[in-house]
Amino acid sequence: MSELAHKGHPEYLQHHFAEAAQQEDASKIGMWLFLATEVLLFSGLFLAFAVMRQYHYEAFREGHHHLNKTLGVVNTLVLICSSLTMALGVRAAQTSRKQQLINYLVATLLFAATFLVIKYFEYSHKIHEGLLPGRYFTGEMHEPAVPLFFGLYFLMTGLHGLHVVAGMIAIGWVLWRGIKGHFHSEYYTPVENVGLYWHLVDLIWIYLFPLLYLLP
Amino acid sequence: MSEHRHHIMPVKGYLAVWAGLVVLTAVTVWVSYFNFGMLNVAVAIIVATIKAALVCLYFMHLKYDTLFNRVILLSTIVFVALFMGFTFIDINSRVKVEPSQFSDNSPLPLPAKFRGEEGKKEAGAVKN
């Protein structure tokens, strides 16, 4: 079937593109536009955080002291390492090294899972202390507006966590295609686009981490 | 054709970017122990933005990518700046009509549960 369907052009090139370069450019523009919408989605939450922090400065300071700085640092390093393995995975695809691609993608998945496990421990500790959003908040605080901080904390890190899960699913998909041998130096756009998505997940954490965990 | 299209960065380059990100993470943690007052947020955001630039330029290959993709990212930053900038112009130029009865300076009343003792009494009074 594929012989007939792909007559005169490589199997990875779809019929409506003139050549591979055009297909790749179109695909990457689409990915970058999608990333733009993701940045704008998160910017709403960052803005809410900034405004609420200005209104309830003391409450946000008090809330932030209940976050575990060490776990935040460890998770930051885990995500940076996962970005490195992802970038090296894309490079392996660029240079047609199949086994290397598989190894780096598996490493990225392991780092992502580590991130989620650490996040799970952080969340269960917060839930145990009753530091839940809104009306579920049962912690004892000096400042009345502390539940606002934890509402935003759970919303921002939770949405980021969902992105980590989505990224893992996407990496799993390119890993599966990589094992089937779909990627080589002439065609690796899916690996690159999934890589872009994964780096965005890292980028958002780069801003979340200092704002939530570190600001004195 | 593809030899010209795809810039392949050496592994050393990726490791250098990774090392840079680790060092900058240490820097953000380190500076968080100092109090720069009003500048705390600015310092945190500047360091984060340097890290973000490293990720965008090298890990996301924007340094070697088409102009179009760079424009998409830059325009995203412009729109985020507009969004945040204009909101803060609004927030910071509002005149407080009456002094807040709460412990902080929010112009928005908090739900009764979060108001502390005085707020609760007041909410109860309204109900009765």
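Summary of the structure given here. If you're wondering where the values come from, they're calculated on a predicted model, not measured in any experiment. (Residues numbered from 1 in each chain as written. Chains lettered and ligands numbered in written order. Predicted model: local features only at pLDDT ≥ 70, side-chain atom pairs only at ≥ 80, totals over all residues. Heavy atoms only, no water.)

### Some words on the overall build of chain A
Under the convention used in this document: Helix and strand definitions follow DSSP, with helices as H or I runs of at least four residues and strands as E runs of at least two, each counted in order from the N terminus. The buried label goes to any residue with under 20% of its type's maximum accessible area, the exposed label to any with over 50%, and the partly exposed label to all in between, with areas taken from a 1.4 Å probe on protein chains only. The Shrake-Rupley method, run with a 1.4 Å probe, gives the accessible areas here. Residue values count only the displayed protein chains as cover.
The number of helices and strands found in chain A is 7 helices and 0 strands. In sequence order, chain A lays out its α and β elements as α-α-α-α-α-α-α. Burial analysis of chain A (216 residues in total) assigns 54% to the buried set. Just so you have it, chain A exposes about 9,100 Å², and 65% of that area is on carbon and sulfur atoms.

### Quick notes on helix H5 (residues 98–129) of chain A
Residue and element names in this part refer to chain A. For the record, the criterion: Helix span is expected to be 1.5 Å times the residue number reduced by one.
Spanning 32 residues, H5 covers 47 Å between terminal C-alpha atoms, matching the ideal 46 Å at 1.5 Å per step. Of the positions making up H5, those classed as buried are Leu101, Ile102, Leu105, Thr108, Leu109, Ala112, Phe115, Ile118, Lys119, Glu122, Tyr123 and Lys126. At the C-terminal side of H5, glycine 130 shows a positive phi close to 75 degrees.

### Topic: a nonpolar patch on the surface
The test is simple: Only residues above 30% relative accessible area that lack a salt bridge enter a patch, with like-charged residues linked at up to 9 Å and the nonpolar side chains Val, Leu, Ile, Met, Phe, Trp and Tyr linked at up to 5 Å. By definition, a salt bridge exists where a carboxyl oxygen of Asp or Glu is found within 4 Å of a side-chain nitrogen of Lys or Arg.
On the surface, Leu40 of chain A together with Val78, Phe79, Leu82, Phe86 and Ile89 of chain B cluster together to form a nonpolar patch covering roughly 600 Å² of accessible area. Top contributing element to the nonpolar patch by residue count: helix H4 (residues 67–92) of chain B, with 5 residues. Looking at where isoleucine 89 of chain B falls in the secondary structure, it is placed in helix H4.

### Some details on the pattern of salt bridges
This structure, assessed with the given rule, holds 3 salt bridges over all chains. As a salt-bridge pair, glutamate 192 of chain A and lysine 28 of chain A come within 3.3 Å of each other at their nearest N and O atoms. Taken together, the positions of glutamate 192 of chain A in helix H7 (residues 189–214) and lysine 28 of chain A in helix H2 (residues 20–55) put the pair 164 residues apart, joining distant regions of the chain. Lysine 28 of chain A matches glutamate 192 of chain A in its accessibility class, with the two residues each being buried. The shortest N-O distance in the salt bridge between aspartate 65 of chain B and lysine 28 of chain A comes to 3.3 Å. Pair noted here: aspartate 65 of chain B is in the loop between helix H3 (40–59) and H4 and lysine 28 of chain A is in helix H2, and the two residues belong to different chains. The exposure class of lysine 28 of chain A is buried, given its relative accessible area of 7%.

### Observations concerning the environment of arginine 53 of chain A
Residue and element names in this part refer to chain A. Considering the arrangement of structural elements, one finds arginine 53 in helix H2. Look at arginine 53 and you get buried, because its relative accessible area is 14%. Spatially, the C-alpha atoms of arginine 53 and phenylalanine 149 are 8.0 Å apart, while their sequence positions differ by 96 residues.

### Comments concerning the packing of aromatic side chains
Selection criterion: Aromatic rings from Phe, Tyr and Trp, with only the six-membered ring used for Trp, were paired whenever their centres fell within 6.5 Å, and each pair was classed as stacked if the ring planes differed by under 30 degrees, edge-to-face if by over 60, and tilted otherwise. Comment: the charge-over-ring label is applied if NZ (Lys) or CZ (Arg) is within 6 Å of the ring centre and within 35 degrees of the ring normal.
In this structure the tally under the stated criterion is 19 aromatic pairs over all chains. On the numbers, 5.0 Å between centres and 45 degrees between planes, the contact of tyrosine 123 of chain A with phenylalanine 154 of chain A is tilted. With tyrosine 123 of chain A in helix H5 and phenylalanine 154 of chain A in helix H6 (residues 146–179), this residue pair connects regions lying 31 residues apart in the sequence. Following the ring pairs from residue to residue traces out a cluster consisting of Phe49, Phe60, Tyr123, Phe137, Phe149, Phe150, Tyr153 and Phe154 of chain A. Stacked on the ring of tyrosine 33 of chain B, the Lys or Arg lysine 69 of chain A has its end atom at 3.9 Å from the ring centre.

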